[in-house]
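Understanding the architecture of this molecule
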Amino acid sequence: MNIDIIDEIKSLHTHMIRKLFTIEKIGNSIRPKPLQVAILAFLIGNKDKNVNQKDLEIEFEISKAAISDVLNNMENAKLILRVCEETDARKRRIVLTEEAYEIYEEMVKTKQEAINSIIKDISCAISTVKNLGLPDNSSLTASVATSIPCASYSFILRSSPSS
């Protein structure tokens, strides 16, 4: 039963990631890849700090070459700028562009819409089960709730009846 729930959570996560990456182009930029989104989130969360490439290598446990490629792609997509630090010209601080903030805001909005839809689907299923008059703790309730199509998503957290 717990494994089924874990599988469903993974499925929901995958679906949400796919949904996030269906966002249309904004301006001249391309849709960011998952690692780029994680980097955007990290940079936004640490905007009051001087984050450089080494910080990202450590945070994401990625090689210098790999993070360099990702940052080059982000720079070409106009998501980041690399600015020389005043104290050490060899270090380059990574700064988000306005376009990066716009894309990130759109992704957060899309994520919230997906979460709201999931909650609506779950509420719909629970409401339908209650209207059927089934006891809340029955395994039949769980199996009925998982088979009710609601709203735009066909997935609901499911648990198979215990054997």
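Before any of the text, the structure's been laid out above.
With that settled, consider the nonpolar core. By size, the foremost hydrophobic cluster in this structure holds 21 residues, and its most contacted members are L56, M74 and I80. Among the elements of the structure, α2 (34-45), α4 (64-76), β2 (92-96) and α5 (98-132) are those that each provide at least two residues to this core. Looking at which element gives the most residues to this core, the answer is α2, with six residues. Not counting residues within four places of it along the chain, the set of residues in contact with M74 comprises Q36, I39, L40, L79 and I80.

This model, assessed by the stated rule, comprises three salt bridges. A salt bridge links E75 to R82; the shortest N-O distance between them is 3.5 Å. Judged by relative accessible area, which is 16%, R82 ranks as buried. Of the charged contacts in the structure, one is a salt bridge between R90 and D88, with a shortest N-O distance of 3.1 Å. Accessibility expressed as a relative area gives 74% for R90, which makes it exposed. Overall, the relative accessible area of 19% leaves D88 in the buried class.

What follows covers the packing of helix α3 (residues 53-60) against α4. For the pair α3 and α4, the least separation of the axes is 10 Å and the interaxial angle reads 115°. Relative to α4, α3 is oriented roughly perpendicular. Read as a crossing pair, α3 and α4 show a hand that is right-handed. Each of Q53, L56 and E57 in α3 lies in contact with α4, whose residues at this interface are K64, I67, S68 and L71.

Calculation notes
- Residues numbered from 1 in each chain as written.
- Predicted model: local features only at pLDDT ≥ 70, side-chain atom pairs only at ≥ 80, totals over all residues.
- Heavy atoms only, no water.
- Core = buried A, V, L, I, M, F, W, Y, C linked by side-chain atoms within 4.5 Å.
- Buried < 20%, exposed > 50% of the residue type's maximum accessible area, 1.4 Å probe, protein only.
- Helix = DSSP H or I, 4+ residues; strand = E, 2+ residues; numbered from the N terminus.
- Contact = heavy atoms within 4.5 Å.
- Salt bridge = Lys/Arg side-chain N within 4 Å of Asp/Glu carboxyl O.
- Axes fitted to C-alpha atoms, helices over the stretch in contact; angles between N-to-C directions.
- Parallel < 35°, antiparallel > 145°, perpendicular 65-115°, else oblique.
- Left-handed = near helix turned anticlockwise from the far one by under 90°.

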